[in-house]
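Breakdown of the fold
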Number of protein chains: 2
Amino acid sequence: MAARTALEPAALRSPARIPLRSAAETDAGQGARTGRIPLFDPSPRVPHGHPAKAFTGEVVPFSIVCFREGHDRIGVHLRLKDPAGAETLHRLSALEDGSDRWRTEIAIDRTGEWQYRFEGFADDFATWAHAAAVKAEANVDIEVMCALGETLLTSAAAEKDRPATERTLLRAAAKRLRPAGAAALTAVATDDAVADAFTARPIASLGSSTPWLTLAVDRRLAGVGAWYEFFPRSEGAVRRKDGTIKSGTFTTAAKRLPGVAGMGFDVLYLVPIHPIGTTNRKGRNNTLVTEPGDPGSPYAIGSADGGHDAIHPELGTEKDFRAFVRAAQKQGLEVALDLALQASPDHPWVTEHPEWFTTLPDGTIAYAENPPKKYQDIYPLNFDNDPAGISAEMLRVVMHWVGLGVKIFRVDNPHTKPLRFWEWLIAEVNAADPDVIFLAEAFTRPAVMRALAAVGFQQSYSYFTWRNTKAELEEFLGSVSHETSDYMRPNLFVNTHDILTEYLQFGGRAAYRIRACIAATAAPVWGVYAGYELIENVARPGSEENIDNEKYEFKFRDWDGAEERGESLAPLLRRLNEIRRAHPALQQLRNISFHWSDDDSVLVYSKHLDAAFTGTGAADTIIVVANLDPHSVRETTVHLDTRIWGVEPGETFEVEDLLTGAVWTWTDHDYVRLDAFAEPVHILKVKERS
Amino acid sequence: MAARTALEPAALRSPARIPLRSAAETDAGQGARTGRIPLFDPSPRVPHGHPAKAFTGEVVPFSIVCFREGHDRIGVHLRLKDPAGAETLHRLSALEDGSDRWRTEIAIDRTGEWQYRFEGFADDFATWAHAAAVKAEANVDIEVMCALGETLLTSAAAEKDRPATERTLLRAAAKRLRPAGAAALTAVATDDAVADAFTARPIASLGSSTPWLTLAVDRRLAGVGAWYEFFPRSEGAVRRKDGTIKSGTFTTAAKRLPGVAGMGFDVLYLVPIHPIGTTNRKGRNNTLVTEPGDPGSPYAIGSADGGHDAIHPELGTEKDFRAFVRAAQKQGLEVALDLALQASPDHPWVTEHPEWFTTLPDGTIAYAENPPKKYQDIYPLNFDNDPAGISAEMLRVVMHWVGLGVKIFRVDNPHTKPLRFWEWLIAEVNAADPDVIFLAEAFTRPAVMRALAAVGFQQSYSYFTWRNTKAELEEFLGSVSHETSDYMRPNLFVNTHDILTEYLQFGGRAAYRIRACIAATAAPVWGVYAGYELIENVARPGSEENIDNEKYEFKFRDWDGAEERGESLAPLLRRLNEIRRAHPALQQLRNISFHWSDDDSVLVYSKHLDAAFTGTGAADTIIVVANLDPHSVRETTVHLDTRIWGVEPGETFEVEDLLTGAVWTWTDHDYVRLDAFAEPVHILKVKERS
């Protein structure tokens, strides 16, 4: 079976066998757009006509507005078709909040294109049962209601596709209505077994349906994962006696794999590994002049040694790269490459395909610029001179790396290339290999970031690094978890090689701890750029990036020594990834709820997953309480909506701090003390009551 | 010309002649949904695939999200096609708020189906001019930028469809770039005349467009009007000496027309005028037993005298009705009829078309009911037994009255009939006569109310009567003016024959004044049910409707006496309708803004219309400050965003109270004193500064 549903009656547990009666339009032909039973605003929403997204294991809420005129009862079905074409049928529940919205949740467990549609129908038995119960109580219309019920039950009992036991049950129920009587009417109208039979196989009339909609389901790593970024050239680089530096290689970098895997990361993202241009190469700290031995920015791609399909000779050979990818796999790490579609002036494209760049009237090729700023080590591509040729080449480059076992690409500055190019490229690559995942480095305006996600990117960097206050985080996390979660998946990187926020610069060790705890628990995908463990928090003055940026030089880091000295955050990162793996509630994007605290620096949220979806038979609930002030101790009271995890207000429950092991008895109002210099964050597991 | 635009440069004043260059997809064929210049989320929105709505004279905001990759400049056009097929082109302005949304406003001046689409394009001259100005300032790339500019200007000067003067201008500008120089580059790049030429006729490359969208434009009365409801049988009813009552007639009711017209109303809505059934007729105060002479509810339609196409004999003949409609027209009043699609047991349909009702197993026809409540004087129609037959009959009934000069229908309980029936009926009627307006009495859940508007109703009753606090009114008025204004037009009735809210029951005369002032100014359509002037505020105990409800009896009212004694609110209603007519800002739905006051009972809003749209050459701004507490005097400070009407914070401006004539000098922070027992509301006109 392809899907599990929550909140469904037993009879729907094997929904594939349930026929929908009269679901097609029964009264079409009047030229109206609206069906006999109106259906509006289906969710997941399909952004701008593109498919909605999910990942395997994701619990997806399906909902729609459905109503009919007057007081008669309706039912709403979701019909799901998995990528193999197998159909299942799921009954939705009314939200009962005046919104006329009906909803269910399904755990999606298979990659590929799913189809879904909603079907609304008049539920003739429910209409009768409601009226019959009320009228029996008032002792009016007994004769008529019994006659109506007998007709309904008898006709349902004659349906060939009902199980024999059910047909017997319904036939017997019909008989109980003769002779007519208020007691018999009440009994049949409120009989649970009869109701169950009709919930599973309703007498559905006047059906309408939406068109089929598409849900593109990616593999699990598109939706759940912990990322680690490093520069392979730094890992194993050696400073020679003469002061020059020997670059790290894939072979030396492979020695760092156990360390990264040991922290529990899933994806290892490498900045570009291609040959680096020498023309106008940038020096340390982004200076225009290089000194001998400066390795250059890996984003200035291409030299006489090759372009986007080549490997920097100092890193090794294609064979070395393959070995590195295999070694990573053995450690449980999947390698992600950077896809930075731009060229150094020395890239082979420049001579072979000058039409892929912009040539100025003086015959030179235009540098990248944001006037008056110039980036003279980079030629941007011009996608309009030869769209077909340039598209084919980019597809070739991506498929080259796919051929070498790379299934994840972190795309540099996608918002500087045409949106439709990405839509096309991602579709082409995924048609060849649906497992390929693209992460958009879309640090740009909201409409652009969302559009990149809508047209196909499986993941997006987000504004997370710049959301540091409680109000900012509540707004941001609420938005990515609810508003845009049908198509955009944020990857909560805590830092990048380009971003060192003021919060991290000035918040000390506490800031690093706080941000890691939030990123790891608030969304199912998070990321760390190497050096975060070591609290590398000195910025180039006046900037929001590290001084001595690794983009322009080699970095030497003493991972083991720092950990031995107790200076490293590696143990925290390791614990956070352990907690993530152990708690299915943390592996979902849409299930966050915010709670009140009396302190504006104390953020409180919970992530909850119903027992139906955890795979353990028990619900999973995590409560995170974070002191966002990295400079002080905060004592306050938190106020929880405990009903989310099935605890009535005022009742007690046990929580265990997964970072410290402390256990407390909590209720819906609780005192907390969070010390920035000791334990600034609680990550609490709600313990099952015995 | 079919449309006026605001905020547009002079060159766009006659946009019909402006060609769009390369607006079609230039790089289609890659299978992507996104155009080369992405366009998303057009507004007006088309709800559920139905046309968006406007009315003649409405100033409609058109907007769309549009961006391109990188830093190059884009332009966005709106292409409008009026119902006759005449096209105009309008340049949009970027909102500059990070939303990537572009916007313009157009005053729509013609009824019928308009088409609109948005076109995004690379604006090659703007891209050059921006880079040229920046580089000239920095004195870099002068030679190249001059050469690029010369090419652009020369090619534009050669375009045959540019006016000769413009071609001369551009040719001269090209020459100024030879020899190249920073001063010449700055001069050409920042030349207003050159910029104007390119704003009007851009060098547009890489164009993309949305599909054509539909805007259904109704006549003005669909969007702007003051409604008055009465029971014609009460107007001129006479109590005989023996205590029996002689019904009013169309002839006697016509005597009330000058009074209604004199108060400035536009629409006179009559409750059903058809024969009333006698079977199970309801008595006074909705009792099940009638006394001799009880006239019955006009909603129990149909008797031996006829059904929905007949006139109650006591009101007069069809000829009398025609005369009444003509007399109303002479007074500037348009007559609206009630369309209540249900039947009394005595309706001719019951015998001629029993299949249009629900027959029970005992052979009887089902009464209306909401179990266990029964409405035994009413048979509801069953739209599913013979949808084609019943639809045809309803269309015949409506067109019968259209033939007698009725172009407005107030539809009773539309949410108890199939939504698709209304979609079909309204489309059919409007195809025959686009001037017919349907008002939905949709006092139901939000999704249903909105769906009725989306599928075709030109106006809707709303939740206005139940929104009485400041927070409620801000939320409600903001929602109907902005969220749903593309398809739903609220008619702010202050009371109806079914609704007498607690606020009116217990708020005395002040409550009646306050609610009338808000309803008349906050939205362009409002309504009053006869008796409001007389503060008829006694409810049937435990209900939200008048005691001795006019639905079940005749009402005798002394309009002139009450006014002479100074007891009537007629002078206030008259003044409110005068103010509405004099102020175009009050004739728009979407232009409301809320302002702060320090008192939670003092509501502040403004309605503003730019000078381009008022027809007077001057902007029109009304500020309403209402004390919502009908029991006390409130003194507080209001805080205004005066920039809406072009006054900088801190500057002073004059306001005139249109109710009292008082004049004050105001700034953005002002003291107000509003006495519930004297003048609870300011309706202030912002005076033009000399």
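What comes next concerns the included structure. Only a predicted model underlies this, so the values are computations on that prediction, with no experimental measurement involved. (Residues numbered from 1 in each chain as written. Chains lettered and ligands numbered in written order. Predicted model: local features only at pLDDT ≥ 70, side-chain atom pairs only at ≥ 80, totals over all residues. Heavy atoms only, no water.)

**Structural notes on a positive patch on the surface**
The grouping of Lys319(A), Arg322(A), Arg326(A) and Lys330(A) at the surface amounts to a positive patch. With respect to the helices, strands and loops of the structure, Arg326(A) is situated in helix α8 (residues 318-330). (Patch = residues over 30% accessible without salt bridge, like charges linked within 9 Å, V, L, I, M, F, W, Y side chains within 5 Å. Areas by Shrake-Rupley, 256 points an atom, 1.4 Å probe, with all protein chains shown as cover. Salt bridge = Lys/Arg side-chain N within 4 Å of Asp/Glu carboxyl O. Lys, Arg positive; Asp, Glu negative; His and termini not counted. Charge placed at Lys NZ, Arg CZ, Asp CG, Glu CD. Helix = DSSP H or I, 4+ residues; strand = E, 2+ residues; numbered from the N terminus.)

**Focus: the interface of chain B and chain A**
Facing 61 residues of chain B, the contacting portion of chain A comprises 61 residues. Seen at the junction of chain B and chain A, the total is eight salt bridges. Between Asp100(B) and Arg445(A) there is a salt bridge, with its nearest N and O atoms 2.7 Å apart. For the interface between chain B and chain A, the tally reads 18 residue pairs in polar contact (both at pLDDT 80 or more). Where the side of chain B that touches chain A is concerned, the elements lending two or more residues are β2 (39-43), α1 (124-138), α2 (142-157), β18 (368-370), α10 (387-403), α11 (419-432) and α12 (446-455) of chain B. For the side of chain B that touches chain A, the element with the most residues is α12(B), which contributes five residues. Partitioning the side of chain B that touches chain A into residue classes produces 28 nonpolar, 15 polar and 18 charged. (Contact = heavy atoms within 4.5 Å. Polar contact = N/O pair within 3.5 Å; in protein donor to acceptor, adjacent residues only side chain to side chain. Nonpolar A, V, L, I, M, F, W, Y, C, P; charged D, E, K, R; others polar.)

**Observations concerning helix α1 (residues 124-138) of chain A**
Its 15 residues place the ends of α1(A) 21 Å apart at the C-alpha level, agreeing with the 21 Å of an ideal helix rising 1.5 Å per residue. Every buried residue of α1(A) is listed here: Phe125(A), Thr127(A), Trp128(A), Ala129(A), Ala131(A), Ala132(A), Val134(A), Lys135(A) and Ala136(A). On the buried face of α1(A), the contacting elements are β9 (112-123), α2 (142-157), α4 (182-189) and α5 (192-200) of chain A together with β18 of chain B. Of the residues trailing α1(A), Asn139(A) is marked for its positive phi of about 55°. (Expected span 1.5 Å × (residues − 1). Buried < 20%, exposed > 50% of the residue type's maximum accessible area, 1.4 Å probe, protein only.)

**Points about the packing of aromatic side chains**
Across all of its chains, the model carries 56 aromatic pairs over all chains by this definition. Pairing Trp349(B) with Trp356(B) gives two aromatic rings, centres 6.0 Å apart and planes at 75°, and the pair type is edge-to-face. Ring plane angle 70° and centroid distance 5.9 Å describe the contact between Trp645(B) and Phe653(B), whose orientation is recorded as edge-to-face. Residue Trp645(B) shares its accessibility class with Phe653(B), and that shared class is buried. Geometry around Trp212(A) places Lys81(A) over its ring, the cationic atom sitting 4.2 Å from the centre. (Phe/Tyr/Trp six-rings, centres within 6.5 Å; stacked < 30°, edge-to-face > 60°. Lys NZ or Arg CZ within 6 Å of the ring centre and 35° of its normal.)

**Structural notes on the relation of the copies chain B and chain A**
For the pair chain B and chain A, the superposition axis carries a translation of 0.0 Å, the fit reaches an RMSD of 0.1 Å, and the rotation angle comes to 180°. What the superposition gives is, in effect, a two-fold axis relating one chain to the other. A share of 100% of interface residues in chain B that are also interface residues in chain A marks the association as one of identical surfaces. (Least-squares fit on C-alpha atoms with pLDDT ≥ 70 in both.)

**A word on the pattern of salt bridges**
Applying the stated criterion across every chain yields a total of 98 salt bridges over all chains. The residue Arg68(A) makes a salt bridge to Asp72(A) at a minimum N-O spacing of 3.8 Å. Overall, Asp72(A) belongs to the partly exposed group, its relative accessible area being 38%. The salt bridge partner of Glu69(B) is Arg36(B), with a shortest N-O separation of 2.7 Å. With Glu69(B) in the loop between β4 (59-66) and β5 (74-81) and Arg36(B) in the loop between β1 (3-5) and β2, this pair connects stretches of sequence that are 33 residues apart. On the accessibility criterion, Arg36(B) (2% relative accessible area) is buried. What emerges from the salt-bridge pattern is a single network uniting Arg36(A), Arg68(A), Glu69(A), Asp72(A) and Asp384(B).

**Some remarks on unusual backbone geometry**
Here Ser43(A) and Pro44(A) are connected by a cis peptide whose omega angle stands at 5°. Tracing the backbone through its elements, the reader meets Pro44(A) in the loop between β2 (39-43) and β3 (52-55). Residue Pro179(B) is bonded to the preceding Arg178(B) through a cis peptide linkage, with omega at -5°. Residue position: Pro179(B) is located in the loop between α3 (164-176) and α4 (182-189). One non-glycine residue, Asp548(A), adopts positive backbone phi at about 50°. For Asp548(A), the location among the structural elements is in the loop between β25 (525-529) and α15 (559-564). Given a relative accessible area of 31%, Asp548(A) falls into the partly exposed group. Unlike most non-glycine residues, Asn286(B) shows phi in positive territory, near 65°.

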